[in-house]
Amino acid sequence: MTVTDYLLHQWQWSLLALVSGSWWVVETIRALTDRSRLTPLQATLMINQEGAVAVDVRSDSEYQSDHLPGAIFVPLERIPNDPALQKVKNRPLILYCESGARSAVALKKLRRAGFEKVYHLVGGLVEWRKANLPLVTSKTEKKRK
C-alpha cells in the first residue's frame, strides 16, 4: 500500500491532520502578531517603564483575596463605563483576571469604546503566580495597617 492509497482509504484521519495542523499554524501566527497579549514579564516592564495601570476585572471577593500591586478594581460587568477607567484612559491599561478569559472579553469591550492602549495578561494571575511575581494579599494589607 502506497502513501497515496493510505491517505485515500483513511481520508478522515488525513483531513483531521490537515485541519489541526492548519489551526496550529494560524494560532501561532496570531499569537506572534497580537501585541495586546502580554506575558507577566512584559506586563511588569510596561508598568515600570511606561506607567501602565493594572486593571483587575475579577469579582470583588477575588480582588480582596489578592491582586497586583497598584491595581485598580473594575469588575467585568462595569467595563467600559466605570469612572475609574475614564481617569486613566490615556495611559496603557493591562487587564487581568484569574486565567485570562475575562480580561480578553474586557479588552474587546474597551477597544469598542475607543480605548487605544489596552492589553491583557495572558494566563492571568495563574501565570503571574507561576512567575513568582508580587501580589497584594489580605495578609499583606493587614500588616500595613
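Residues numbered from 1 in each chain as written. Predicted model: local features only at pLDDT ≥ 70, side-chain atom pairs only at ≥ 80, totals over all residues. Heavy atoms only, no water.

1. Quick look at the side chain of His-67
Its place among the elements puts His-67 in strand E3 (residues 66–67). Note on His-67: relative accessible area 9%, which makes it buried. Polar side-chain contacts of His-67 include one of 2.9 Å to the backbone oxygen of Tyr-63. Those residues in contact with His-67, other than ones at most four positions away along the chain, are Asp-56, Arg-58, Tyr-96, Leu-135 and Val-136. (Helix = DSSP H or I, 4+ residues; strand = E, 2+ residues; numbered from the N terminus. Buried < 20%, exposed > 50% of the residue type's maximum accessible area, 1.4 Å probe, protein only. Polar contact = N/O pair within 3.5 Å; in protein donor to acceptor, adjacent residues only side chain to side chain. Contact = heavy atoms within 4.5 Å.)

2. Re the pattern of salt bridges
Evaluated as defined, the whole model comprises 8 salt bridges. Among the ionic pairs, Arg-58 bridges to Glu-98, the shortest N-O distance being 3.2 Å. Residue Arg-58 is located in the loop between strand E2 (53–56) and helix H4 (60–65), and its partner Glu-98 is located in the loop between strand E5 (93–96) and helix H6 (101–112); the two are separated by 40 residues in the primary sequence. Among the charged side chains, a salt-bridge network with shared partners connects Asp-56, Arg-58, Asp-66, Glu-98 and Arg-129. (Salt bridge = Lys/Arg side-chain N within 4 Å of Asp/Glu carboxyl O.)

3. A few points about the packing of aromatic side chains
Summed over all chains, the structure comprises 1 aromatic pair. Sitting above the plane of the Phe-115 ring, Lys-89 keeps its charged end 4.9 Å from the centroid. (Phe/Tyr/Trp six-rings, centres within 6.5 Å; stacked < 30°, edge-to-face > 60°. Lys NZ or Arg CZ within 6 Å of the ring centre and 35° of its normal.)

4. Some points on a nonpolar patch on the surface
On the surface, Trp-11, Leu-15, Leu-18 and Val-19 cluster together into a nonpolar patch covering about 430 Å² of accessible area. Locating Leu-18 in the fold gives a position in helix H2 (residues 11–33). Take Leu-18: its relative accessible area is 55%, and that puts it in the exposed class. (Patch = residues over 30% accessible without salt bridge, like charges linked within 9 Å, V, L, I, M, F, W, Y side chains within 5 Å. Areas by Shrake-Rupley, 256 points an atom, 1.4 Å probe, with all protein chains shown as cover.)

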